[in-house]
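# Geometric and topological summary
So the chains spell out like this:
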Amino acid sequence: MNKVVLKEYEGKLLIIDIMLYCMFIVVGFVLLNFPLIDKINPMEYAAPLFYMFAFFSLLAYFLNRKKGDYELLIFGFINVCVASFILIYESYPDCGFILADAVLIYSIANVLNKGYHCGKLLQQRNTNFFIKTAVTVLLLFLGVFVVSSLYTKVEAGSMILGYYFVILGLLSLFEPLMEILMKNQKIEKIMLDFLANETVSDKEKNQTKKVTKKEENKKPIKEVKNHKVNSKTKKSTKK
């Protein structure tokens, strides 16, 4: 009975994540398909968008609280910081470059946030480590491409942002969907065995290093002992 309740609870948590990332996809499609969006300066709606993402990210965190997992909380604060950055420099004449700087900060912060939580999952020997690592690497490449495009094509800021939010949402959505797949016992066992082999190999390396260090420390002691024996023999021969 407890296992069934636990599975239902985890399912609700995953649904909250899926709804959050679907919102990014919807916003991206609106930016791509809204006919009048090109006539609006991206700086006018970028800050409210990031504040909206911050609100829903923090809401998802408090509805979806997991012990020791602060990824959504940090993600919400990242959105707040980026939105505030855009508001502060909104009156700057080169708005395209400010938007590119904001997306650059956003991408780096998100990659660092996910990378930190990848390390925590590896320590816990959690099979979700593989999924999160793959998503983090893809988000890194996405950020590099989008930022370089915003610096070179300022006039197409709305379209670039639209594609960015769509792909960001799809990649992030890939994570909870794969978590559902990883609940399969066979797949989970394969991944846990792989992580166990990695930890065993690391332990073996550390043991070999300790053995070599001990041998190195022992060698000079033997030489000193031999030197003392030789000196004693010399004194005895002199007598």
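Residues numbered from 1 in each chain as written. Predicted model: local features only at pLDDT ≥ 70, side-chain atom pairs only at ≥ 80, totals over all residues. Heavy atoms only, no water.

### Quick word on the overall build of the protein
We apply this condition: Comment: elements are numbered from the N terminus, with helices defined as DSSP H or I runs of at least four residues and strands as E runs of at least two. Only protein chains enter the accessibility calculation, which uses a 1.4 Å probe; a residue is then buried when its area is under 20% of its type maximum, exposed when over 50%, and partly exposed in between. Contact criterion: two residues are considered in contact whenever any of their non-hydrogen atoms come within 4.5 Å of each other. Methods summary: accessible areas were calculated by the Shrake-Rupley approach with a probe of 1.4 Å, and residue burial reflects only the protein chains presented.
Assigned secondary structure in the protein consists of 7 helices and 0 strands. Mapped in sequence order, the helices and strands of the protein form the string α-α-α-α-α-α-α. Expressed as a percentage of its 239 residues, the buried residues of the protein come to 36%. Across the protein, the fraction of contacts at a sequence separation of at least 24, relative to all contacts at a separation of at least 6, is 77%. A total of about 15600 Å² of accessible surface is found on the protein, and carbon and sulfur atoms cover 66% of it.

### Some remarks on the packing of helix α2 (residues 42-63) against helix α3 (residues 71-88)
The condition that has to hold: Fitted lines through C-alpha atoms give the axes, limited to the stretch in contact for helices. The angle between two N-to-C directions lies from 0 to 180 degrees. For classification, angles of less than 35 degrees are called roughly parallel, those exceeding 145 degrees roughly antiparallel, those between 65 and 115 degrees roughly perpendicular, and all remaining angles oblique. Crossings are assigned a handedness: left-handed for a near helix turned anticlockwise from the far helix by less than a right angle, right-handed for a clockwise turn. Amino acid classes used here: Ala, Val, Leu, Ile, Met, Phe, Trp, Tyr, Cys and Pro are nonpolar; Asp, Glu, Lys and Arg are charged; the rest, including Gly, are polar.
Here α2 crosses α3 at 160°, and the two axes come no closer than 8 Å. Overall, the two elements α2 and α3 adopt an arrangement that is roughly antiparallel. By crossing handedness, the relation of α2 to α3 is classed as left-handed. Note on element contacts: α3 touches α2 through Leu72, Leu73, Phe75, Gly76, Asn79, Val80, Val82, Ala83, Ser84, Ile86 and Leu87, opposite Met43, Ala46, Ala47, Phe50, Tyr51, Phe53, Ala54, Ser57, Leu58, Ala60 and Tyr61. Residues of the contact of α2 with α3, tallied by class, amount to 18 nonpolar, 4 polar and no charged.

### What to know about the packing of aromatic side chains
Which entries qualify depends on this criterion: Centres within 6.5 Å make a pair out of two Phe, Tyr or Trp rings, where for Trp the six-membered ring is used; the pair is then stacked when the planes are under 30 degrees apart, edge-to-face when over 60, and tilted otherwise.
Following the criterion strictly, the structure yields 16 aromatic pairs and no others. Note on Phe24 and Phe53: the rings are 4.1 Å apart at their centroids and 15° apart in plane angle, and the pair reads as stacked. Linking Phe24 in helix α1 (residues 2-33) with Phe53 in helix α2, this pair joins segments that are 29 residues apart in sequence. Each member of the pair, Phe24 as well as Phe53, carries the same accessibility label: buried. Taking the centre distance of 6.4 Å and the plane angle of 55° together, the rings of Phe24 and Phe165 count as tilted.

### Quick look at the nonpolar core
Keep this limit in mind: The nonpolar core is taken to be a set of buried Ala, Val, Leu, Ile, Met, Phe, Trp, Tyr and Cys residues, with the residues joined through side-chain atoms within 4.5 Å.
Residues Phe24, Ile86, Tyr106 and Phe165 are the most contacted members of the largest nonpolar core, which totals 45 residues. At the level of elements, α1, α2, α3, α4 (95-123), α5 (128-152) and α6 (157-181) are the ones that each hand at least two residues to this core. The biggest single contributor to this core is α2, with 9 residues.

### A few points about a nonpolar patch on the surface
Basically, it comes down to this: Patch members must show over 30% relative accessible area and no salt bridge, and they are joined within 9 Å when carrying like charges or within 5 Å when they are nonpolar side chains of Val, Leu, Ile, Met, Phe, Trp or Tyr. Within this document, salt bridges are pairs made up of a side-chain nitrogen of Lys or Arg and a carboxyl oxygen of Asp or Glu, the two lying within 4 Å of each other.
Among the surface-exposed residues, Val26, Val30, Phe34, Leu36 and Ile40 lie close enough to one another that they form a single nonpolar patch of about 410 Å² accessible area. Among the secondary structure elements, Ile40 is positioned in the loop between α1 and α2.

### Digging into the pattern of salt bridges
All told, the structure shown has 4 salt bridges when counted by the stated rule. The partner of Lys132 in a salt bridge is Glu175, with the nearest N and O atoms 2.3 Å apart. Residue Lys132 is found in helix α5, and its partner Glu175 is found in helix α6; the two are separated by 43 residues along the sequence. Across this residue pair, the class does not change: Lys132 and Glu175 are buried.

### What to know about the packing of α5 against α6
The contact between α5 and α6 brings their axes to 10 Å, and the two run at 175°. As the angle between them shows, α5 and α6 are arranged roughly antiparallel. For the pair formed by α5 and α6, the contact residues are Asn128, Ile131, Lys132, Val135, Leu138, Leu139, Leu142, Val146, Ser149 and Leu150 on the first element and Gly157, Ile160, Tyr164, Ile167, Leu168, Leu171, Phe174, Glu175, Met178 and Glu179 on the second. When grouped by side-chain class, the residues that make up the contact of α5 with α6 number 14 nonpolar, 3 polar and 3 charged.

Scope: geometric values only; no functional claims are made or implied.
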